[in-house]
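# Fold and geometry: a report
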Amino acid sequence: MADSSLFKEFAKGTVKENPLLISLLGMCPALAVTTSLTNAVGMGAAVIFVLTMSNIVVALLRKIIPDAVRIPAFIVIIASFVTIVDLSMAAWVPSLSKSLGLFIPLIVVNCIILARAEAFAYKNGVARSIMDGVGMGLGYTLGLVSVAFFRELLGNGTLFGIGVLGEAFKANSVLVMILPPGAFLTLGLIVGFMNRIRRV
Amino acid sequence: MKEARYVIVLTGISLVCATLLGAVYQVTEEPIRQAKNKAVVEGIQKVLPEGTKADADNKVIVDESNPLSPVIYPAVRDGVVVGAAVKATSTAGYGGNLVVMVGIEGVPGSGLKVFNTSVLDMSKETPGLGTKVAEPAFAGQWNNRLVTEKALAVKKDGGDVVAVSGATITSRAFTDCVNQAINAWTKLGPAIVKGGSNG
Amino acid sequence: MGLLTLIIWTVFVNNVILSQFLGICPFMGVSKKLDSAIGMSAAVLFVIVLATVITYLLQFGVLVPLKLEYLQTIMFILVIAALVQFVEMVIRKVSPALFEALGIFLPLITTNCAVLGTAIMATQKDFNLLQAVVFAVGISLGFALVLLLFAAIRERLDLETSTPRYMKGMPIALVTASILSLAFLGFSGMVKM
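Residues numbered from 1 in each chain as written. Chains lettered and ligands numbered in written order. Predicted model: local features only at pLDDT ≥ 70, side-chain atom pairs only at ≥ 80, totals over all residues.

### Here we look at the overall build of chain A
What counts, and what does not: Think of it this way: any DSSP run of H or I at least four residues long counts as a helix, any run of E at least two long counts as a strand, and we number them from the N terminus. With the radius of gyration taken over C-alpha atoms, the globule rule is written as 2.2 Å times the number of residues to the power 0.38. Exposed residues have 12 or fewer other C-beta atoms within 10 Å of their own C-beta, buried residues have 20 or more, and residues in between are partly exposed; the C-beta atoms are placed from the backbone.
Looking only at helices and strands, chain A features 9 helices and 2 strands. The linear arrangement of helices and strands in chain A, starting from the amino end, is α-α-α-α-α-α-α-β-β-α-α. In terms of overall size, chain A behaves like a compact globule, its C-alpha atoms giving a radius of gyration of 18 Å where 200 residues would be expected to give roughly 16 Å. With the C-alpha coordinates of chain A rotated into their principal frame, the extents come out at 60 × 45 × 30 Å. Taking all 200 residues of chain A together, 56% fall into the buried category.

Set out below in structure tokens:
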């Protein structure tokens, strides 16, 4: 019984309560880094790490952290893991670190992480918090990938940098998809589509 | 007293985090430095012809007070300075700075030629659009290009550099980098050549 | 670079919301009504400018000399969080009515990526303090401009058009933002940085 409940915590983040496409959190990176699938996956991985680690620490310390100072405590914990990710990426995947740029430190203000710490990790055990963190992180990554898929394919004719629609398309691709308007449009249509299939 | 508990908990968490971060910083400091260096070393290798070498540690900073100043790496063949790889930064990129390594053949006064170029940092340009300046279609026009008195400019600005369609800003920034590199070598080259290869 | 050019660049050419994708969450949340948009813009202006000044001084006065640059993220966000708390207290004392009107949006300014984003950018762009302040002001003005434009559009959108049910709310707002962003693309290249 514990297993199925743990799995439920994991699964809810991926579809039913997808943080990006359903709860509409963390939209800034979803527009900024989705110009390529590589960047989207890279950002997703970073968010999964920070979210899971901060969930673990908050769940571990939840009995010690007084309610009145929980927000500053969360911020310090989250910011620390973000810095760890930032330094690690600069050291071992420098080109990805350069591409994601400003948005790596900005993970600290990604509402998803603070929201999960407050709504879940502060009130639940470590095991369930891990499931919640990984599930939500994965769901967020799926959201990023879905936007990046269309933007990179139509805007550049490639997927993960590999040409799939031919050279002719690449030279005359739908440029606007790579530019800011394309970002808003793609995200808007995908969220609308999600609403449609959920019959909202 | 409740407040004391708040302070203790917060300070405790902060101290642990700060220590952890300090440790991670120690571990990553060297790899980060090497990653930065690697880009420069590879860039230098790419922009210079066979047999000509430049040392990433042997560099001349044009303007010490400017962190974005061009940096000259004198290129040597058989012990003689025959050109330079110059790292130039343009602040006129689409979203920020564009950094290009320009390989120049020749010494000032006896005719200069741009041998090759390599983009070191185009992270602020639009992927798939501005980043096209790194592709042969645009970058190729710099190879073996003779340097003339006239400063280089894109066609829109009266020059004869063909910009990437839809990415005029990035193309301009790239051209700016090449101009900076040429100017830097023209100005400081003679002194460097006189000093011989001080590797 | 010229201060006027800097303002034009931050407000139009490289608009914080429509080009740099910062401040999207409050943008979508607050832009439904004109008066909350105005209140939010004022609060954001105040916080961004103050935060930029403090973090700029912190970066170049403390972090860089002590080689603690890697603590930038954590120190900056703490400064911003403290600043927002402080602003909340001040507004509550000085104008309870404004405090009521802004409600939940005030603490949310802490997680507004535009604030942290601006603070970080101001230290990366080789600005002096005055340029950093003007940069922050420009960012806030750009934020306000788009927020107000958008609120005006959305008020009409909700009343007058018949959007398909599944596009109502966020989806159509995003599509509208995309058109606005397209319009702002016309400004690119207007000034040289």
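### Observations regarding the overall build of chain B
Short version of the rule: By definition, residue pairs are in contact when their C-beta atoms, positioned from the backbone, come within 7 Å.
Helix and strand counts for chain B come out as 3 helices and 7 strands. Reading chain B from its N terminus to its C terminus gives the helix and strand order α-β-β-β-β-β-β-α-β-α. Relative to a compact globule of 199 residues, whose C-alpha radius of gyration would be 16 Å, chain B shows 22 Å and is clearly more extended. Considering only C-alpha atoms, chain B reaches an extent of 80 × 45 × 30 Å along its principal axes. Residue burial in chain B is summarised as follows: out of 199 residues, 42% are buried. Pairs at least 24 residues apart make up 55% of the contacts formed inside chain B by residues separated by at least 6 positions.

### Structural notes on the interface of chain C and chain A
Heads up, the rule is: Under this grouping Gly is polar, as are all residues other than the nonpolar Ala, Val, Leu, Ile, Met, Phe, Trp, Tyr, Cys and Pro and the charged Asp, Glu, Lys and Arg.
Each side of the interface is counted separately: chain C has 29 residues, and chain A has 34 residues. For the side of chain C that touches chain A, the secondary-structure elements that each account for two or more residues are α2 (24-30), α4 (72-94), α7 (113-124) and α9 (170-185) of chain C. No other element matches the 9 residues that α9(C) contributes to the side of chain C that touches chain A. For the side of chain C that touches chain A, the residue count by class is 23 nonpolar, 6 polar and no charged.

### Section: the environment of B:Phe138
Residue and element names in this part refer to chain B. Here Phe138 is to be found in helix α2 (residues 136-139). Sequence-wise, Phe138 and Val161 are 23 residues apart; in three dimensions their C-alpha atoms are separated by 8.9 Å. What Phe138 contacts, discounting residues up to four positions off in sequence, is Lys132, Val133, Val164 and Ser171.

### Focus: the interface of chain B and chain C
Taken together, the contact between chain B and chain C spans 8 residues of the former and 7 residues of the latter. Mapped by element, the contributors of at least two residues to the side of chain B that touches chain C are α1 (2-47) and α3 (168-194) of chain B. Looking at the side of chain B that touches chain C, its residues break down into 6 nonpolar, 2 polar and no charged.

### Considerations on the pairing of strand β5 (residues 98-105) of chain B
The side chains of a regular strand alternate, residue by residue, between the two faces of the sheet. Residues and elements named next belong to chain B. What counts, and what does not: Strand pairing is assigned whenever DSSP detects at least two bridges linking the two strands.
Summarising burial for β5: 8 of the 8 residues are buried, a large majority. Burial of the side chains of β5 extends over both faces: Leu98, Val100, Val102 and Ile104 are buried on one face and Val99, Met101, Gly103 and Glu105 on the other. Of the pairings in the sheet, the one linking β5 to strand β6 (residues 113-121) comprises 7 bridges and is antiparallel in character. Bridge pairing in β6 links Val102 to Thr117.

### Let's talk about the nonpolar core
Inclusion rule: Definition of nonpolar core: a set of buried Ala, Val, Leu, Ile, Met, Phe, Trp, Tyr and Cys residues joined via C-beta atoms within 7 Å.
Grouped together as the largest cluster of nonpolar side chains are 119 residues, with contacts concentrated most on A:Leu31, A:Val50, A:Ile78, C:Ile77 and C:Leu116. In terms of residues, this core owes the most to one element, helix α4 (residues 70-92) of chain A, which gives 12 residues. Those residues in contact with A:Ile78 that lie beyond four places of it in its chain are A:Val50, A:Ser54, A:Val108, A:Ile113, A:Leu114 and A:Ala117. Grouped together as the second largest cluster of nonpolar side chains are 51 residues, B:Ala39, B:Ala85, B:Ala167 and B:Ala181 included.

### Some remarks on the environment of A:Met194
All names here are of chain A. Structurally, the position occupied by Met194 is in helix α9 (residues 180-197). Classification of Met194 by C-beta neighbours within 10 Å gives partly exposed; the count is 19. Residues Met194 and Ile22 lie 172 residues apart in sequence; the distance between their C-alpha atoms is 7.7 Å. In this structure, Met194 is in contact with Leu21 and Ile22, ignoring residues within four places of it in sequence.

### Some points on the packing of α4(A) against α1(B)
Here is the rule: To define axes, lines are fitted to C-alpha atoms, for helices over the stretch in contact only, and angles between the resulting N-to-C directions are given on a 0 to 180 degree scale. Roughly parallel refers to an angle under 35 degrees, roughly antiparallel to one over 145, roughly perpendicular to one between 65 and 115, and oblique to any angle outside these ranges.
Put simply, α4(A) and α1(B) touch, their axes get as near as 8 Å, and they point 10 degrees apart. What the angle tells us is that α4(A) and α1(B) run roughly parallel.

### As for the pairing of strand β4 (residues 80-90) of chain B
Residues and elements named next belong to chain B. For β4, the buried fraction is high: 10 of the 11 residues fall into the buried class. Direction of pairing for strand β3 (residues 71-77) relative to β4: antiparallel, over a ladder of 7 bridges. Each bridged residue has a counterpart across the sheet, and for Ala75 the counterpart in β4 is Gly83. Taking the residues between adjacent antiparallel strands as the criterion, β3 and β4 are bridged by 2 residues, where Asp78 takes a positive phi near 55 degrees.

### Things to note about the confidence of the model for chain A
For clarity, the threshold we go by: The pLDDT value expresses, per residue, how confident the predictor is, ranging between 0 and 100.
Model confidence for chain A is summarised by a mean pLDDT of 89, while 98% of its residues fall at 70 or above. For chain A, helix α8 (residues 166-171) of chain A is the element with the lowest average pLDDT, namely 75, and helix α3 (residues 37-61) of chain A is the one with the highest, namely 95.

### Concerning helix α7 (residues 126-156) of chain A
Quick reminder of the rule: Here the expected span of a helix is defined as 1.5 Å times the quantity of residues minus one.
Taking 1.5 Å of rise per residue, 31 residues should cover 45 Å, and α7(A) covers 42 Å from first to last C-alpha, within 8% of that figure. Across the 31 residues that make up α7(A), a large majority, 22, are buried.

### Focus: the environment of A:Leu159
All names here are of chain A. By the secondary structure assignment, Leu159 is in strand β1 (residues 158-159). Residue classification places Leu159 among the partly exposed residues on the basis of 16 C-beta atoms within 10 Å. Separated by 121 residues in sequence, Leu159 and Thr38 have C-alpha atoms that sit 8.5 Å apart. In this structure Leu159 touches Leu37, Glu152, Leu153 and Val164, once residues within four positions along its chain are discounted.

### Examining unusual backbone geometry
Within the chain, B:Asn144 stands out as a residue other than glycine whose phi angle is a positive 55 degrees. Positionally, B:Asn144 belongs in the loop between α2 and β7 (145-146). The phi angle at C:Phe21 is positive, at roughly 60 degrees, despite the residue not being glycine. With respect to the secondary-structure elements, C:Phe21 resides in the loop between α1 (3-13) and α2. Note on C:Phe21: 28 C-beta atoms within 10 Å, which makes it buried.

### Digging into α4(C)
Count 3.6 residues to each turn of an α-helix, and residues three or four apart come out pointing the same way. If you check α4(C), its first and last C-alpha atoms are 32 Å apart, about what 23 residues at 1.5 Å a residue would give, namely 33 Å. Along its buried surface, α4(C) packs onto α4 of chain A together with α3 (34-63), α6 (105-108) and α7 of chain C.

### So, the confidence of the model for chain B
Across chain B, the average pLDDT comes to 85, with 96% of residues at 70 or higher. ipTM for the predicted complex: 0.87, alongside a pTM of 0.86.

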